[in-house]
Amino acid sequence: LADALKGNGVLNTLILQANNIKDEGAVAIAEALKGNGVLTTLILKANKIEDVGAIAIANALKFNGVLKRCDLRWCALGRAGK
């Protein structure tokens, strides 16, 4: 999925709600976001993403100027990930 997202030139919304995604998956998605210039909405709520994954996604946004909405509600975020 992360590799497909890197090369995506069409998909602007990706909903992966309640897919048991953990930090490892979130880090892979974050890496893909760095090279994606199309995705504007990413819904990851109700997954098992913790601080490491949330921080990776936040850091990826430094390289991505198009993502406008990233929903991490109901994930397992601690203080550092919020």
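Notes on the structure follow. All of these numbers come straight from a predicted model, not from anything done at the bench.

What counts, and at which threshold
Residues numbered from 1 in each chain as written. Predicted model: local features only at pLDDT ≥ 70, side-chain atom pairs only at ≥ 80, totals over all residues. Heavy atoms only, no water. Helix = DSSP H or I, 4+ residues; strand = E, 2+ residues; numbered from the N terminus. Rg over C-alpha atoms; globule rule 2.2 N^0.38 Å. Contact = heavy atoms within 4.5 Å. Areas by Shrake-Rupley, 256 points an atom, 1.4 Å probe, with all protein chains shown as cover. Lys, Arg positive; Asp, Glu negative; His and termini not counted. Charge placed at Lys NZ, Arg CZ, Asp CG, Glu CD. Disulfide = S-S within 2.5 Å. Phe/Tyr/Trp six-rings, centres within 6.5 Å; stacked < 30°, edge-to-face > 60°. Lys NZ or Arg CZ within 6 Å of the ring centre and 35° of its normal. Buried < 20%, exposed > 50% of the residue type's maximum accessible area, 1.4 Å probe, protein only. Expected span 1.5 Å × (residues − 1). Polar contact = N/O pair within 3.5 Å; in protein donor to acceptor, adjacent residues only side chain to side chain.

Tallying secondary structure elements over the chain gives 3 helices and 3 strands in all. When the elements of the chain are put in sequence order from the N terminus, they spell out α-β-α-β-α-β. For 82 residues, the compact-globule formula gives about 12 Å, and the C-alpha radius of gyration of the chain, at 11 Å, lands near that figure. When contacts within the chain are restricted to residue pairs at least 6 apart in sequence, long-range pairs at least 24 apart make up 87% of them. Accessible surface computed for the chain: about 4,700 Å², of which carbon and sulfur atoms make up 53%. A distance of 8 Å separates the average location of the 11 positive side-chain charges in the chain from that of its 7 negative side-chain charges.

Within the structure shown, the criterion is met by 0 disulfides. Of all cysteine sulfurs in the structure, the one in C75 sits closest to C70, which takes part in no disulfide; the separation is 8.7 Å.

In total, this model carries 0 aromatic pairs according to the counting rule given. Over the aromatic face of W74 sits the side chain of R73, whose NZ or CZ is 5.0 Å from the ring centroid.

Along the chain, A58 turns up in helix 3 (residues 51-60). Exposure remark for A58: the relative accessible area of 44% places this residue in the partly exposed category. A58 sits 21 residues away from G37 along the chain, and the two C-alpha atoms are 16 Å apart.

Moving on to helix 2 (residues 23-34). Compared with an ideal rise of 1.5 Å per residue, which puts 12 residues at 16 Å, helix 2 spans 17 Å between its outermost C-alpha atoms and is within 8% of the ideal. Considering only its buried residues, helix 2 is in contact with helix 1 (2-6), strand 2 (41-43) and helix 3.

For the rest of this paragraph, the subject is unusual backbone geometry. Residue A18 is not a glycine yet carries a positive backbone phi of 55 degrees. By secondary structure assignment, the location of A18 is in the loop between strand 1 (13-15) and helix 2. At N20, a residue that is not glycine, the phi angle is positive and equals roughly 60 degrees.

Along the chain, the position of N8 falls in the loop between helix 1 and strand 1. A distance of 2.9 Å separates a polar side-chain atom of N8 from the backbone nitrogen of V10. When residues no more than four places from it in sequence are discounted, the contact partners of N8 are N36 and V38.

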